[in-house]
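Listed here are the chains, written in short residue letters.
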Amino acid sequence: MKKPVIDIRPWTADDLGMLKRTMGDPAMTQFLGGPEPEEKLVSRNQKYAEIGDIGKGRMFVITVNGEPAGTIGYWEHDARDGLAWETGYSVVPEFQGQGVATAATLLVIEEARKEKKHRWMHAYPRIDNAGSIAISRKAGFELLGNFEYEYPPGNPIVCNDWRFDLFGED
């Protein structure tokens with residue numbers, strides 16, 4: 001069996017369908033406070049398509065052999081160590097458990113490194129999200145500890161704070 005080709009491509013305004021499959025799906029948002037309503041998805045899609053133009057991060061569609069498989073990106077965030085990149089991803093069910101999110105995370109790290117803007121990239125999986133915790137570890141992030149957070153606002157959660165040094169060696 002041929003090894004799948006995992007890649008990322010820049011988000012466009014035409015990617016609303018992928019956003020509906022991820023942020024609009026109850027199963028896909030179980031660790032994120034539940035699905036977003038249609039109007040929020042449309043607004044988020046526009047924001048994702050434009051974020052690279054304003055220098056505040058970038059969003060991508062994850063592809064497997066050219067087929068859309070999920071979302072990933074990075075955006076500015078005020079972290080415990082100052083302004084940094086935050087990353088997050090979502091992989092649709094048919095591509096989960098195949099290393100897609102880890103491979104895409106490594107690709108997005110390389111994209112963020114090219115910008116040479118922030119030293120740190122953080123990931124904040126909930127402490128009960130074993131899959132995302134494993135991805136952070138496999139991608140080389142360092143666990144800094146736990147903290148309480150609200151996401152979405154009004155939904156208290158406890159997260160891990162994982163950090164990656166974009167200026168360091170692999």
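Residues numbered from 1 in each chain as written. Predicted model: local features only at pLDDT ≥ 70, side-chain atom pairs only at ≥ 80, totals over all residues. Heavy atoms only, no water.

Turning to its location among the elements, Tyr149 is positioned in strand S6 (residues 142-150). Sequence-wise, Tyr149 and Arg126 are 23 residues apart; in three dimensions their C-alpha atoms are separated by 9.5 Å. Discounting chain neighbours no more than four positions away, the residues touching Tyr149 are Asn155, Pro156, Ile157 and Cys159. (Helix = DSSP H or I, 4+ residues; strand = E, 2+ residues; numbered from the N terminus. Contact = heavy atoms within 4.5 Å.)

The subject of this paragraph is the side chain of His122. Tracing the backbone shows His122 in strand S5 (residues 120-123). Within the structure, the side chain of His122 is placed 2.6 Å from the side chain of Asp161, a separation counted as a polar contact. Leave out the neighbours within four places in its chain, and His122 touches Ala79, Asp81, Ala84, Trp85, Glu86, Thr87, Phe141, Leu144, Asp161, Trp162 and Arg163. (Polar contact = N/O pair within 3.5 Å; in protein donor to acceptor, adjacent residues only side chain to side chain.)

Along an α-helix, residues three or four apart share an orientation, since each turn contains 3.6 residues. Here helix H3 (residues 100-115) is 16 residues long and its end C-alpha atoms lie 23 Å apart, about the 22 Å a rise of 1.5 Å per residue gives. At the C-terminal side of H3, Lys116 shows a positive phi close to 50 degrees. (Expected span 1.5 Å × (residues − 1).)

Okay, unusual backbone geometry next. Excluding glycine, residues mostly have negative phi values, and the peptide bonds linking residues are mostly trans. Backbone geometry at Asn65 places phi at a positive 50 degrees, although glycine is not the residue there. Note on placement: Asn65 falls in the loop between strand S2 (57-64) and strand S3 (67-79). Positive phi, close to 50 degrees, is recorded for Lys116, a residue that is not glycine. Within the fold, Lys116 resides in the loop between H3 and S5. Classification of Lys116 as exposed rests on a relative accessible area of 65%. (Buried < 20%, exposed > 50% of the residue type's maximum accessible area, 1.4 Å probe, protein only.)

Mapped onto the fold, Glu76 is located in strand S3. Engagement of the side chain of Glu76 in a polar contact is seen with the side chain of Lys117, the distance being 3.1 Å. Once residues lying within four places of it in the same chain are set aside, the contact partners of Glu76 are Gly55, Lys56, Leu83, Ala84, Trp85, Lys117 and His118.

Moving on to the sheet that holds S5. Strand order in the open sheet formed by 7 strands is S1-S2-S3-S4-S5-S7-S6, with mixed pairing between adjacent strands. Of all the strands in the sheet, the pair left with one neighbour each is strand S1 (6-10) and S6. Pairs of neighbouring strands in the sheet enclose a mean axial angle of 30 degrees, with direction left out of account. Of the strand pairs in this sheet, S1 and S2 are connected by 5 bridges, and their pairing is antiparallel. Looking across to S2, one finds that Ile8 is bridged to Ile62. (Pairing = 2+ DSSP bridges. Axes fitted to C-alpha atoms, helices over the stretch in contact; angles between N-to-C directions.)

As a further point, take the packing of aromatic side chains. Considering all chains together, one arrives at 6 aromatic pairs under this definition. Taken together, a centroid distance of 4.8 Å and an interplanar angle of 75 degrees make the contact between Tyr74 and Trp85 edge-to-face. Separated by 11 residues along the polypeptide, Tyr74 in strand S3 and Trp85 in strand S4 (residues 82-91) bring together distant segments of the chain. For the pair Tyr74 and Trp85, a shared accessibility class is recorded, and that class is buried. Among the aromatic residues, ring-to-ring pairing joins Phe60, Tyr74 and Trp85 into one connected group. Arg163 extends its terminal NZ or CZ atom over the ring of Trp120, reaching a point 3.6 Å from the ring centre. (Phe/Tyr/Trp six-rings, centres within 6.5 Å; stacked < 30°, edge-to-face > 60°. Lys NZ or Arg CZ within 6 Å of the ring centre and 35° of its normal.)

Moving on to the nonpolar core. In this structure, Ile62, Met121 and Phe141 are the most contacted members of the largest nonpolar core, which totals 36 residues. The greatest single-element share of this core, amounting to 6 residues, is contributed by H3. (Core = buried A, V, L, I, M, F, W, Y, C linked by side-chain atoms within 4.5 Å.)

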